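# Summary of the model geometry
Chain by chain, the residues run as shown.
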Amino acid sequence: MPNHHHYPPLDPVPTGIKGRCPRCGEGALFSGLLTVKQSCMACGLIYDFNDSGDGPTVFIIMGLGFLVLGLALYVEFTFGPPGWVHLLLWPPVIFGLGLPVLRMVKGILINLTWHHDAASGQLDESGK
């Protein structure tokens, strides 16, 4: 684990859910809803290792898609509402659940990246 000389190890999951710095757990990780800051204001850790990519979005699409599809089918077969009810009902549910969970999952993945000192894959050019 990198840079743990003066900082106790932190659990990346609760630290990521709270949107806190993976090293000190005090500074904010995000400057907006999903925008990652340049560095931690508390300990000075530079967040240049951050490369969560599309991972958080894929997790949310799969999980939320399963949940919302199940609920939509339940509502359809139980109550049989017209199509416009589905158009009004499900977008707020998707955005209302998706954005907060997306922020938490992104924070967890960034914290796990730092915790495990993960880096982008590199090819071994030596031919061994």
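Attention in this report is confined to the structure presented alongside it.

### Comments concerning the packing of aromatic side chains
Two descriptors summarise a pair of aromatic rings, namely the distance from one centre to the other and the angle between the planes of the rings. On inspection of all chains with the given rule, the structure shows 2 aromatic pairs. Measuring from ring centre to ring centre gives 6.2 Å for Y47 and F49, while their planes differ by 85°; the resulting arrangement is edge-to-face. Where Y74 meets F79, the ring centres are 6.4 Å apart and the plane angle is 90°; that geometry is what we call edge-to-face.

### Quick notes on unusual backbone geometry
Even without a glycine there, the phi angle at D117 is positive, about 55°. By relative accessible area, which is 53% here, D117 ends up exposed.

### A short note on a nonpolar patch on the surface
The grouping of V13, I17, V101 and M104 at the surface amounts to a nonpolar patch, some 270 Å² of accessible area in total. The set of elements that each furnish at least two residues to the nonpolar patch consists of α1 (12-18) and α3 (83-115). Following the sequence through the fold, V101 ends up in helix α3. The exposure class of V101 is partly exposed, given its relative accessible area of 34%.

### Here we look at the packing of helix α2 (residues 55-79) against α3
Two numbers describe how α2 lies on α3: the axes approach to 9 Å, and their chain directions differ by 150°. Here α2 lies roughly antiparallel to α3, going by the angle between them. Crossing hand, α2 versus α3: right-handed. Residues G55, P56, T57, F59, I60, L64, L67, V68, L71, A72, V75 and E76 of α2 touch α3, and the partners they reach there are H86, W90, V93, I94, L97, G98, V101, L102, V105, K106 and L109. Across the contact of α2 with α3, the residue classes break down as 17 nonpolar, 4 polar and 2 charged.

Rules of the game
Residues numbered from 1 in each chain as written. Predicted model: local features only at pLDDT ≥ 70, side-chain atom pairs only at ≥ 80, totals over all residues. Heavy atoms only, no water. Phe/Tyr/Trp six-rings, centres within 6.5 Å; stacked < 30°, edge-to-face > 60°. Buried < 20%, exposed > 50% of the residue type's maximum accessible area, 1.4 Å probe, protein only. Patch = residues over 30% accessible without salt bridge, like charges linked within 9 Å, V, L, I, M, F, W, Y side chains within 5 Å. Areas by Shrake-Rupley, 256 points an atom, 1.4 Å probe, with all protein chains shown as cover. Salt bridge = Lys/Arg side-chain N within 4 Å of Asp/Glu carboxyl O. Helix = DSSP H or I, 4+ residues; strand = E, 2+ residues; numbered from the N terminus. Axes fitted to C-alpha atoms, helices over the stretch in contact; angles between N-to-C directions. Parallel < 35°, antiparallel > 145°, perpendicular 65-115°, else oblique. Left-handed = near helix turned anticlockwise from the far one by under 90°. Contact = heavy atoms within 4.5 Å. Nonpolar A, V, L, I, M, F, W, Y, C, P; charged D, E, K, R; others polar.

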